[in-house]
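A structural walkthrough
Okay, here's what each chain looks like letter by letter:
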Amino acid sequence: MRSLFGFYKSEEDTAGATEKTSKDPTPVSSPKKSTDALAVPPVFECDVSAEGPLQEIRPLTDDEKKVFDKIKADVPELIKDLPPIDPEAVKFVDEEIPLDIEDWLTDECIARYVRARKGVYEETKKALRKTIEWRATTRPHAIRPDVVEIENKTGKMYFNGFDKLSRPVIYMYNHKQNTKEADNQIRWVVYTLEMCIRHMRPGVEKVTLAIDATHWGFSNSVYLGTAKKFLDTLANHYPERLGRAVVFMPPRLFVGFYNLVSPFIDPVTKAKVAFINPNSTDDAQAQTDNSSSPWVPIEECFERSKLEKDCYGSWEFQYNHTIYWPAAEKEFAQFKASVVQDKGDKNEEVKQDDKQATEETKEEKTDA
């Protein structure tokens, strides 16, 4: 899977030839780009009124349900004695945003961990506690936009819109890489994932990656160390969150390596990988002829009108930082206002309950 994101390069290996040919031997022209980015705003809200299927989420097996029930009973223990926020993490988060463990630990969340750990009780419990402690110490949901803005300035990766199954889409343009600090790159990935999760409609639990591989090569790959941290973060703290990884115009070298390693990839993971060559009907035919082929027609994953032109759709969106980032800051401000208000309401409810309990106790003593 590392090859999927161009994760080959080590910190010592900063050079490499870029393979630009596609599976289709016919030369391919990239989407035309204007000199000035179009002032089209990003889309963060899913149209819940739109008709259409959602991705089917595999129900738990009978054995997994038993593990689920045991974990549910363990929740008080799982959220007990949480560590404080890490002093280093304080620099990067909005401390006014409260810890969200109880809201985060939903039935759907527990079920994802049960599936990811193959229904093994001890491993599921351990994994959940590990993530709960991680969320307590790092507060990923509270990472401030100003901390990761530098990572977004070139539009190398960002959340924008939804696929045919209403999953948030994260666009990835690796050739626009502009930073090298691994820790902040990971914070930025986490920030983006948390943003996507906030905007998932009911019934949606996964994201789709739209990866432009037109300019893929060793020279613009992410450092291997950063890639490992990225994959570890996804596996440990966001299990069962990847719905589809769609690679547009993968070059021959990329496809060749994938074909070499694909027999060793977990079938569940392999089913999430899709290759798209919008200029070739052969690739779509390959999927028709062979259900195990990663090549799929573009319409299987996206509505062209809701897919960016830079990824061969017809949506006139082109990343413009002066348009996108104020929208992202506004989204975070609205999220903060909502959770702070909810926390205030809950505190007020607790106060009222305590007051009522005190008054009832007084009345009981008076009657006695």
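This part is about the packing of aromatic side chains. In the structure shown here, the tally under the stated rule is 20 aromatic pairs. Seen from their ring centres, Phe254 and Phe275 are 5.9 Å apart, and the 70 degrees between their planes marks the pair as edge-to-face. Here Phe254 is found in helix H9 (residues 252-261), whereas its partner Phe275 is found in strand E5 (residues 273-276), with 21 residues between them in sequence. Classification of Phe254 by relative accessible area gives buried; the value is 3%. Taking relative accessible area as the criterion, Phe275 reaches 0% and is therefore assigned buried. Every member of this aromatic cluster is reached through a ring pair, and the members are Phe44, Tyr158, Phe159, Phe162, Tyr171, Tyr173, Trp315, Phe317, Tyr319 and Tyr324. Between Lys70 and the ring centre of Tyr121, over which it is positioned, the NZ or CZ distance is 3.9 Å. One Lys or Arg, Arg187, reaches over the ring of Phe92 and ends 3.7 Å from the middle of that ring.

Here we take up the side chain of Thr179. Position of Thr179 relative to the elements: it lies in the loop between strand E2 (168-172) and helix H7 (182-198). Looking at Thr179, the relative accessible area reads 13%, which means it is buried. Within the structure, Thr179 has its side chain in polar contact with the side chain of Lys156 (distance 2.9 Å). Beyond its immediate sequence surroundings of up to four residues, Thr179 is in contact with Ile150, Glu151, Lys156 and Gln185.

Once rolled over the atoms, a probe with the size of a water molecule shows which space is left empty. Taken as a whole and assessed by the stated rule, the structure comprises 4 cavities of 30 Å³ or more. For the second largest cavity, the calculated volume is near 50 Å³. Forming the boundary of the second largest cavity are Trp104, Cys109, Arg112, Tyr113, Ile197, His237, Tyr238, Pro239 and Arg241. For the lining of the second largest cavity, the leading source of residues is helix H4 (residues 107-116), giving 3 residues. Split by residue class, the lining of the second largest cavity holds 6 nonpolar, 1 polar and 2 charged.

So, on to the sheet that holds E5. The mixed open sheet is built from 5 strands, whose spatial order is E1-E2-E3-E4-E5. The sheet is open, and its two edges are formed by strand E1 (157-162) and E5, each paired on a single side. For this sheet the average axis-to-axis angle between neighbouring strands, irrespective of direction, equals 25 degrees. Across the sheet, H7 touches E1, E2 and strand E3 (207-212), and the angle it forms with E1 is around 10 degrees.

Size it by volume and the second largest pocket reaches roughly 930 Å³. Along the wall of the second largest pocket there are 33 residues; nearest its centre are Asp100, Glu102, Asp103, Trp104 and Thr106. Only helix H3 (101-104), H4, H7 and helix H12 (321-367) provide two or more residues apiece to the lining of the second largest pocket. The dominant element in the lining of the second largest pocket, judged by the number of residues it contributes, is H12, at 6 residues. Class assignment of the residues belonging to the lining of the second largest pocket gives a composition of 15 nonpolar, 4 polar and 14 charged.

Cut-offs and rules
Within any chain, residue numbers begin from 1 and follow the written order of that chain's sequence. pLDDT decides what is reported in this predicted model: residues at 70 or higher carry local features, side-chain atom pairs at 80 or more are listed and counted, and totals for whole chains, interfaces and linings draw on all residues regardless. Side-chain metrics rest on all non-hydrogen atoms present in the structure, leaving aside hydrogens and water. Any Phe, Tyr or Trp ring, taking Trp's six-membered ring, that has another such ring centre within 6.5 Å forms a pair; planes under 30 degrees apart are called stacked, those over 60 apart edge-to-face, and the others tilted. Helix and strand definitions here come from DSSP, where helices need a minimum of 4 consecutive H or I residues and strands a minimum of 2 consecutive E residues; each element is numbered from the N-terminal end. Relative accessibility under 20% of the residue-type maximum defines a buried residue, over 50% an exposed one, and the middle range a partly exposed one, all with a 1.4 Å probe and only protein chains included. The criterion is that NZ of a Lys, or CZ of an Arg, lies within 6 Å of the ring centre and within 35 degrees of the ring normal, and then a charge sits over that ring. Two N or O atoms count as a polar contact when they lie within 3.5 Å, although within protein this holds only if one can serve as hydrogen donor and the other as acceptor, and sequence-adjacent residues are included solely when both atoms are side-chain atoms. Working rule for contacts: check all heavy atoms of both residues, and any pair within 4.5 Å makes them a contact. Here a cavity is any set of points on a 1 Å grid over the protein atoms alone where a 1.4 Å probe fits but cannot get out, and a pocket is any open set with protein on both sides within 12 Å along at least 5 of 7 lines; a residue lines the site when it has an atom within 4 Å of a point. Grid points are joined across faces, edges and corners, and a volume is the space filled by probe spheres set on the points. Residue polarity is assigned by list, with Asp, Glu, Lys and Arg as charged and Ala, Val, Leu, Ile, Met, Phe, Trp, Tyr, Cys and Pro as nonpolar; anything else, Gly included, falls into the polar class. Strands are labelled as partners when DSSP assigns at least two bridges between them. Convention adopted: a line fitted to C-alpha atoms gives each axis, helices being fitted over their contacting stretch, and angles between N-to-C directions are expressed from 0 to 180 degrees.

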